[in-house]
Structures are given as C-alpha cells and as structure tokens.
Amino acid sequence: MAKVTRDDVARLAGTSTAVVSYVINNGPRPVAPATRERVLAAIKELGYRPDRVAQAMASRRTDLIGLIVPDARQPFFAEMAHAVEQAAAERGKMVLVGNSDYLDEREVHYLRAFLGMRVSGLILISQGPSEHAAAEIDAWEARVVLLHRRPDAIDDVAVVTDDVGGAQLTTRHLLEHGHPYVACLGGTEKTPTIGDPVTDHVEGWRRAMREAGKSLEGRLFQAPYNRYDAYTVALDLLAGPDRPPAIVCATDDQAFGVLRAARELRIDVPGELAVAGFDDVKEAALTDPPLTTVSSDRTAMARAAVDLVLDDGLRVAGSRRERLKQFPSALVVRRSCGCQG
C-alpha cells in the first residue's frame, strides 16, 4: 500500500499543499473554517500521518518543549510538570522532562541535550544560581522561560508566584491565633540567597514577625525541602525543651514531615502545635489534620510559561522587573492551624 502524502490530502480536499501545512501546523497563516474542515476530513479519510522528523529538519524546530525540574518526585514539581504538559498539549506540543537533582552539572546536561534536540522552547525550574546554565542559554540563543524560580545569574523572562506575600499571610494568620511567636522551617545552608522561593518564604516570615514585634532569634531552623529529612529535623525540634507553639514551613512536603513527627511524639495538632505549609499540593487536603497552606494558580502559571516560550514576543525589552510575570498567592485555611475550615 502506497504511503499517503500531503499531495494526496490536498488533492482530496481541493486545496494546495501549503494550506494543508497550515492546518497541520496550526499556522503560520489562518485557514477558513470550511477549508480546515475539508482538510481534516481528508486527513482522516486517507489516514495521513505527518512526517514529524522531516518537518523538524525543514523548520529546525520540533514540536517539543523541554522542561527541567529539580526533582519530579516532590509533589509540587510533579503537579507543576503535569500542568505544563497540559498547557503544551493545548498548543499542539509535547514535553520532555529532565531532573536536575539540584545539581548544576545535571541542569547544564539537560540544557545541552534539549537545546541540541531543537526543542521549540525550554522551561526551566532552576536548581539554583547557575552561571554555567546562563552561559549555555546565551550560547544557544535559546528561547527560555524561567518558572517558579528566578536565579540571579539568569535574566530571562520568568513566571513566579508572590512567595514573600504568601509567607507573610500564613505567618500573620498563625500569630492571629494568639501564639506568642511562630517558628520557621526554611531551607539549608545551600539554599540560594536570591531568586529562590524558599528564601522568599523565609523573608515573608521575617517581615510578618517584625510587623508583630516578635523576635527572630533562635526561631529559624534549617531543613531540606523533602518530608523525610524534615521529619528528622522536626523530631529533634519538637522533642526539645523549647518546642515552638507554631511552625510555618517553606514547603508542604516539609510540613508533612512535621506532622508525622508530631504524631509520633503524641503532640496534638493543632491543640499543642499549629502547622502551616506552602504550595497547596493535593495531598495537603488529605493529611491529618488537613494542612493550612498557601496556594498559587499552577495551571495559569504553566499556561503563561508555555505561551511565553512559544510566542514570538518572548524576549521582551525592559528591566528585570518588567520581564517578571508574578501570580498572587492565596491563604488556604484548614485545620492544622487551629481553624475549623
């Protein structure tokens, strides 16, 4: 059986091969609805399958978007990756995902690999302030959008949430419950000081505590972002003589570790300890008690990142602030803080 070609589709639809290409590629020129329907009907009837390799060679671009995340095992990054995949599908693109594992060399490895594949664009949730990654992006003149994090070394367009404001909301809420102070579970000594969401969460906690006239001394504790290591840190903290009355965590995953440690130590949450997180991953609603946290519109953020990386107007002029698309944060009140919600 002879292979069906684009010429065959054009002949059956009564149009040109160029119009068939516009329908298949959704552009660059518009096609009248009636003509589009004829072309799609001809494609279906003939069973035509476009040669994506040939298309990529001709355009020097594939229908792929590269996405680099620090660790797709963490719920927040898994949910963000899924949102990016959904948004990309709406634009007729597929997503390749690479895990940097919070390592500079692996981030650069995936940058080179994806850009070498001629992806249509690359969305980077950077693991930190990587000058090597910045140099790689500049060398390829790549279409890159930063998502969630904006390292100081990389000056591309970024889509982020209001991390400082969200942490302020949570800390204020816990203080409004009458707690004498709120402790904070931040990042580690390796957490970047600029452009990292966890750093901004700690800054939001600091601002809210200062506004309330509370001392910060001895109330910030270091912990990795994941629940397993946070659980170990929380066991020591909660079993000690200076157990805090309330803890705001830089991530939901850390908060899950705190809740597990409190349960093992028979500390009642929220009666003896109030706990709040940040990210509002789906699991947060299912913990015992359900976790008070901060949400952001990951679906809208992912769609904005995909649109920016695919649209011709990506490299907008202007200051660093003008190249930032920031989404608001919202407090999600559940029972772990002491509310009945």
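Above: the structure in question.
The structure contained in this document is the topic of the report that follows. (Residues numbered from 1 in each chain as written. Predicted model: local features only at pLDDT ≥ 70, side-chain atom pairs only at ≥ 80, totals over all residues. Heavy atoms only, no water.)

## So, the pairing of strand β2 (residues 94-99)
Logical step 1: Examined bridge by bridge, strand β1 (residues 64-69) and β2 share six bridges and lie parallel to one another. Within the sheet, the bridge partner assigned to valine 69 lies in β2 and is asparagine 99. (Pairing = 2+ DSSP bridges. Helix = DSSP H or I, 4+ residues; strand = E, 2+ residues; numbered from the N terminus.)

## Side note on the side chain of serine 120
Logical step 1: By the secondary structure assignment, serine 120 is in the loop between α6 (104-116) and β3 (121-124).
Logical step 2: Within polar-contact distance, the side chain of serine 120 engages the side chain of lysine 93 at 3.5 Å. (Polar contact = N/O pair within 3.5 Å; in protein donor to acceptor, adjacent residues only side chain to side chain.)

## Side note on helix α2 (residues 17-24)
Logical step 1: Taken across its eight residues, α2 has six buried, putting it largely inside the fold.
Logical step 2: Within the span of α2, buried status applies to Val19, Val20, Ser21, Tyr22, Val23 and Ile24.
Logical step 3: Among the residues trailing α2, asparagine 26 stands out with phi positive, at a value near 55°. (Buried < 20%, exposed > 50% of the residue type's maximum accessible area, 1.4 Å probe, protein only.)

## Some points on the packing of aromatic side chains
Logical step 1: Taken as a whole and judged by the stated rule, the model has three aromatic pairs.
Logical step 2: Geometrically, the ring pair formed by phenylalanine 76 and phenylalanine 77 is edge-to-face, given 5.5 Å between the ring centres and 75° between the ring planes.
Logical step 3: Residue class for phenylalanine 77 comes out buried when judged on its relative accessible area of 3%.
Logical step 4: Summarising the aromatic geometry, the rings of tyrosine 110 and phenylalanine 114 are spaced 5.6 Å apart at their centres and angled 40° between planes, so their arrangement reads as tilted. Taken together, the residues tyrosine 110 and phenylalanine 114, both in helix α6 and four residues apart, mark about one turn of the helix. The burial state of tyrosine 110 is the same as that of phenylalanine 114; both residues are buried.
Logical step 5: It is arginine 219 that lies over the ring of tyrosine 181; its NZ or CZ is 3.8 Å from the centre.
Logical step 6: Positioned above the aromatic ring of tyrosine 231, the side-chain terminus of arginine 260 is 5.9 Å from the ring centre. (Phe/Tyr/Trp six-rings, centres within 6.5 Å; stacked < 30°, edge-to-face > 60°. Lys NZ or Arg CZ within 6 Å of the ring centre and 35° of its normal.)

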